[in-house]
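Here's the letter readout for the chains.
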Amino acid sequence: GPPQGAADFGLVMDQSLRELYQEVILDHSRHPRHFGTLEHPTHKAEGYNPLSGDRVSVTLVLNQEGRVADINFTGKGCAISQASASLMTELLAGRTLAEAQKLMNGFVHLVKGEDATDLSPDDREYLDAMSGLSEFPMRVKCATLAWHTFHNAVEKGAA
């Protein structure tokens, strides 16, 4: 069988990872990246989750090449919705729309506990703090709100 203490190590590892992930989420919710409203966005949308009361607003600039040249968000709500929006803006800045869409799909798979093969290892590592949410289905909506709002901003056309 496994060496004595191997199972315990798994629990310890799990616990320290959980704590690390909580720290990442708290850090992003307390010190959000790209927080604010862009003055001249090309696209914008508002998102609202009536179940949790989370609100998020996304403004972005898509340049001629179809890249996210700049992206900001504002919002009020739980730590998870705010942290997710902050992580999202960090990741989407500089990406093409196709890359952004792929990232969003991967993120949604990740937080639902599904196979997130569409994420690159680096993006996966960056978003891993959110992977524990699959145990809390109500929280998945909090985590995906900003991403759906970004998607709606882009789908809706120019601001």
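Residues numbered from 1 in each chain as written. Predicted model: local features only at pLDDT ≥ 70, side-chain atom pairs only at ≥ 80, totals over all residues. Heavy atoms only, no water.

Considering the arrangement of structural elements, one finds Gln 82 in helix α2 (residues 79-92). Overall, Gln 82 belongs to the buried group, its relative accessible area being 8%. Among the polar contacts listed, one links the side chain of Gln 82 to the side chain of Ser 81, at a separation of 3.4 Å. Apart from the residues within four sequence positions on either side, Gln 82 is in contact with Ser 29, Phe 35, Arg 55, Phe 73, Gly 75, Lys 76 and Gly 77. (Helix = DSSP H or I, 4+ residues; strand = E, 2+ residues; numbered from the N terminus. Buried < 20%, exposed > 50% of the residue type's maximum accessible area, 1.4 Å probe, protein only. Polar contact = N/O pair within 3.5 Å; in protein donor to acceptor, adjacent residues only side chain to side chain. Contact = heavy atoms within 4.5 Å.)

Glancing now at the side chain of Asp 128. Counting through the fold element by element, Asp 128 comes out in the loop between α4 (121-127) and α5 (137-156). What Asp 128 contacts, discounting residues up to four positions off in sequence, is Tyr 21 and Leu 110.

Summarising the element assignment, Ser 120 is placed in the loop between α3 (97-111) and α4. A sequence separation of 18 residues divides Ser 120 from Lys 102, and the C-alpha atoms of the two residues are 9.8 Å apart.

Close approach of charged atoms allows side chains with opposite charge to pair. Across all of its chains, the model carries four salt bridges by this definition. Residue Arg 67 is joined to Glu 99 by a salt bridge in which the shortest nitrogen-to-oxygen separation is 3.7 Å. Here Arg 67, found in the loop between β2 (54-62) and β3 (68-76), pairs with Glu 99, found in helix α3; they are 32 residues apart in sequence, far enough to count as distant. Assessed through its relative accessible area of 34%, Arg 67 is described here as partly exposed. Using a relative accessible area of 34% as the deciding quantity, one classes Glu 99 as partly exposed. With a closest N to O distance of 2.8 Å, Asp 123 and Arg 95 form a salt bridge. Residue Asp 123 is found in helix α4, and its partner Arg 95 is found in the loop between α2 and α3; the two are separated by 28 residues along the sequence. Using a relative accessible area of 10% as the deciding quantity, one classes Asp 123 as buried. (Salt bridge = Lys/Arg side-chain N within 4 Å of Asp/Glu carboxyl O.)

Looking now at the packing of α3 against α5. At their nearest, the axes of α3 and α5 sit 10 Å apart, and the two run at 160 degrees to each other. Taken as axis vectors, α3 and α5 run roughly antiparallel relative to one another. Where α3 crosses over α5, the handedness of that crossing is left-handed. The segment α3 lies against α5, with Leu 97, Ala 100, Gln 101, Leu 103, Met 104, Phe 107, Val 108 and Val 111 engaging Val 140, Ala 143, Thr 144, Trp 147, His 148, Phe 150, His 151 and Val 154. (Axes fitted to C-alpha atoms, helices over the stretch in contact; angles between N-to-C directions. Parallel < 35°, antiparallel > 145°, perpendicular 65-115°, else oblique. Left-handed = near helix turned anticlockwise from the far one by under 90°.)

With that out of the way, let us pick up α5. The end-to-end C-alpha separation of α5 is 28 Å, in line with the 28 Å expected for 20 residues at 1.5 Å each. Where α5 bends most, at Thr 144, the angle is about 40 degrees. (Expected span 1.5 Å × (residues − 1). Bend = angle between axes of the 7 residues up to and from the residue.)

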